[in-house]
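# Chain and residue survey
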Amino acid sequence: MYASLKSIGAYAPERILNNFHLEEMVETSDEWIEKRTGIKERRIASEDESTSDLGVKAAEQAIERAGIAKEEIDLIICATLSPDYLCMPSTACVIAGKLGIHNVMAFDISAACSGFVYMLSMAKAFIESGMKKNILLIGAEKISSLVDYTDRGTCILFGDGAGAAIIGRTEDKNEAIVDIHASADGRYGELLMTPGCGSKYPCSQETLDNKLNFIKMQGNDVYKIAVKTLTNDVIDILEKNNVQVSDVDHFIPHQANLRIIEAVRTKLEFPLEKTVLTVAKYGNTSAASIPMAMNDAYEQGRIKKGDLMLLDTFGGGFTWASALVRFGGH
Ligand code: UT7
């Protein structure tokens, strides 16, 4: 018995924040942002939309496309760095409540932008051990709630959105998740973090005055480590599985910066037409980035049953992960 990615779904909020809007907010330019990041615009959730609302919309689409009843779901995991509530209830529990799925295990994971691939690895283990049958994974982010819109080093990058997938069982290896590598190195934590409002610097007027509740990033240091780590990690998963670049149908990288994607793609000599790019229109949506990109390719009719997808991601922690996944949906 193997684990299989049966369906994908996504949701992008309606409001668009483009580079010209940002020109009016911080000292930047459309030209600089596009040249350095490839981003043209990103979506921003409305005031009354929280992360769980975005996640519910993506989840409903994934459940419908999987052709299962919601009662068949026996585990819900949500990856997010912008949960509805800092401590509890988890966003997975909030989503379960809103979907009307009761009495099943539901929890969040914290792996920043690597969240979706981390969850995929957990879902694979739950399915292959026989513990669970149909798992709902949701990567959802309202990162705009964590962004300091006076900091041009971060506010140009991030956007809101959600992606979801159903992981089920299959006996057919040609529609199974092949392999997942997930890793972390906590020594780099301070290069990308939200320092405030946890137990280290509890929420206080001082914490808020010092803007410690917002994302802080040493962008250029993160950039250099991301390129090196991702390139090595992707080469490693391909070699370990004896997969050639030409065997891969779709390269679906984390959409943080077009230059990072291009560096990995050109090093691997991966064809552009097999690379899924959504960074221009969504920016970096962290844990939602890979499922949103996969959904885009799926809705364009590019992803077919049995196609081999290569996922790779990098984020705060630092965390990073790669996956080889055959699409098990239709
Ligand atoms: O998903 C989690 C992982 N996160 C990432 O992967 C993000 C990785 N980092 C990046 O994407 C890039 O480092 C950034 C896009 C954030 C920055 O690009 P960069 O090419 O690394 O620029 P830099 O930080 O080295 O800054 C170069 C110059 C500096 O000016 P000086 O010192 O050369 O005069 C910055 O102050 O660009 C300036 N700068 C800007 N200028 C216009 C920084 N941000 C901006 C901006 N607009 N928004």
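Going by the annotation in an unreviewed UniProt entry, the name recorded for the protein chain is Beta-ketoacyl-[acyl-carrier-protein] synthase III, with Sulfurospirillum deleyianum given as the source organism. In UniProt, the protein chain has this text filed under Sequence similarities (unreviewed entry): "Belongs to the thiolase-like superfamily. FabH family." What the UniProt record of the protein chain gives under Catalytic activity (unreviewed entry) is the line "malonyl-[ACP] + acetyl-CoA + H(+) = 3-oxobutanoyl-[ACP] + CO2 + CoA".

### Concerning the domain arrangement of the protein chain
What the domain assignment lists for the protein chain is domain 1 (2-171) and domain 2 (177-326). Measuring from the centre of the C-alpha atoms in domain 1 to the corresponding centre in domain 2 gives 14 Å. Applying the counting criterion to the domain 1 and domain 2 interface returns two salt bridges. Notably, a salt bridge pairs Asp148 with Lys211, separated by 3.6 Å at the nearest N-O pair. Taken together, domain 1 and domain 2 are joined by 21 residue pairs in polar contact (both at pLDDT 80 or more). Elements that contribute at least two residues to the side of domain 1 that touches domain 2 include exactly strand S1 (2-11), helix H2 (30-37), strand S3 (41-44), helix H3 (51-66), helix H5 (115-128), strand S6 (135-141) and strand S7 (161-170). In terms of residue class, the side of domain 1 that touches domain 2 is made up of 26 nonpolar, 17 polar and twelve charged.

### Examining the packing of aromatic side chains
According to the stated counting rule, one finds five aromatic pairs in the structure shown. Measuring from centroid to centroid gives 6.4 Å for Phe314 and Trp320, while their planes differ by 20°, and the two rings are stacked. Through pairs of rings, three or more aromatic residues link up here, namely Tyr188, Phe314, Phe318 and Trp320.

### Brief notes about the site of the ligand
With respect to spatial proximity, 23 residues lie near the ligand, and among them Thr28, Arg36, Asn220, Asn257 and Asn284 are the closest. Residue Arg152 places a side-chain N or O atom 2.9 Å away from an oxygen atom belonging to the ligand. A distance of 3.1 Å separates a nitrogen atom of the ligand from a polar backbone atom of Gly219. For the ligand, the protein covers 73% of the area, taking 950 Å² as the surface of the free molecule. For the shell around the ligand, the element with the highest residue contribution is helix H7 (residues 219-240), accounting for four residues. Its residues assigned to classes, the shell around the ligand comprises eleven nonpolar, eight polar and four charged. Built from parts of two domains, the shell around the ligand gets at least three residues from each of domain 1 (2-171) and domain 2 (177-326).

### With respect to the pattern of salt bridges
Enumeration according to the criterion identifies twelve salt bridges in this entry. Residues joined by salt bridges that share partners form a network here, namely Lys6, Glu175 and Lys305.

### Here's the deal with the packing of H3 against helix H4 (residues 91-99)
Relative orientation of the contacting elements H3 and H4 amounts to 60°, with a least axis distance of 9 Å. Looking at the two axes, H3 sits oblique to H4. Note that H3 runs across H4; the crossing there is right-handed. Along the contact surface, H3 presents Thr51, Ser52, Asp53, Gly55, Val56, Ala59, Glu60 and Ile63, while H4 presents Thr91, Val94, Ile95, Lys98 and Leu99. Across the contact of H3 with H4, the residue classes break down as six nonpolar, four polar and three charged.

### Describing the sheet that holds S7
Spatially, S1-S7-S6-S4-S5 is the arrangement adopted by the five strands of the open sheet, whose pairing is mixed. The open sheet has two free edges, formed respectively by S1 and strand S5 (105-109), since each of these has just one partner strand. On average, each strand axis in the sheet is tilted by 20° relative to the strand beside it, whichever way the strands run. Pairing of S1 with S7 involves nine bridges; the strand directions are antiparallel. Note on S7: the bridge partner recorded for Tyr2 is Thr170. Of the strands in this sheet, S1, S6 and S7 touch H3, which is tilted by about 125° from S1. On top of the sheet, H5 reaches S1, strand S4 (75-79), S5, S6 and S7; it is set at about 170° to S6, its chief contact.

### As for H3
The first and last C-alpha atoms of H3 sit 23 Å apart over 16 residues, in line with the 22 Å expected at 1.5 Å per residue. Listed as buried for H3 are Thr51, Ser52, Leu54, Gly55, Val56, Ala58, Ala59, Ala62, Ile63 and Ala66. With its phi angle positive at about 70°, Gly67 sits one or two positions after the end of H3.

### Description of the UniProt feature "active site" (unreviewed entry) in the protein chain
Within this numbering scheme, the UniProt entry marks Cys113, His254 and Asn284 as carrying the feature "active site" (unreviewed entry). Spatially, the listed residues are clustered: although they cover 172 residues, their C-alpha atoms lie within 8.7 Å of one another. Along the chain, the position of Cys113 falls in the loop between S5 and H5. On the accessibility criterion, Cys113 (8% relative accessible area) is buried. In this view, Cys113 contacts His254, Asn284, Ser286, Ala287, Thr313, Phe314 and Gly315; residues no more than four positions away in its chain are not counted. Inspection of the secondary structure puts Asn284 in the loop between helix H9 (279-282) and helix H10 (289-299). Given a relative accessible area of 5%, Asn284 falls into the buried group. For Asn284, the residues in contact, after removing those within four places along its chain, are Cys113, Ile143, Leu157, Phe158, Gly159, His254, Gln255 and Ala256.

Reading the values: the criteria
- Residues numbered from 1 in each chain as written.
- Predicted model: local features only at pLDDT ≥ 70, side-chain atom pairs only at ≥ 80, totals over all residues.
- Heavy atoms only, no water.
- UniProt positions renumbered as here; feature names shortened; annotations may be inferred.
- Domains from an automatic or database assignment.
- Salt bridge = Lys/Arg side-chain N within 4 Å of Asp/Glu carboxyl O.
- Polar contact = N/O pair within 3.5 Å; in protein donor to acceptor, adjacent residues only side chain to side chain.
- Helix = DSSP H or I, 4+ residues; strand = E, 2+ residues; numbered from the N terminus.
- Nonpolar A, V, L, I, M, F, W, Y, C, P; charged D, E, K, R; others polar.
- Phe/Tyr/Trp six-rings, centres within 6.5 Å; stacked < 30°, edge-to-face > 60°.
- Near = heavy atom within 4 Å.
- Areas by Shrake-Rupley, 256 points an atom, 1.4 Å probe, with all protein chains shown as cover.
- Axes fitted to C-alpha atoms, helices over the stretch in contact; angles between N-to-C directions.
- Parallel < 35°, antiparallel > 145°, perpendicular 65-115°, else oblique.
- Left-handed = near helix turned anticlockwise from the far one by under 90°.
- Contact = heavy atoms within 4.5 Å.
- Pairing = 2+ DSSP bridges.
- Expected span 1.5 Å × (residues − 1).
- Buried < 20%, exposed > 50% of the residue type's maximum accessible area, 1.4 Å probe, protein only.

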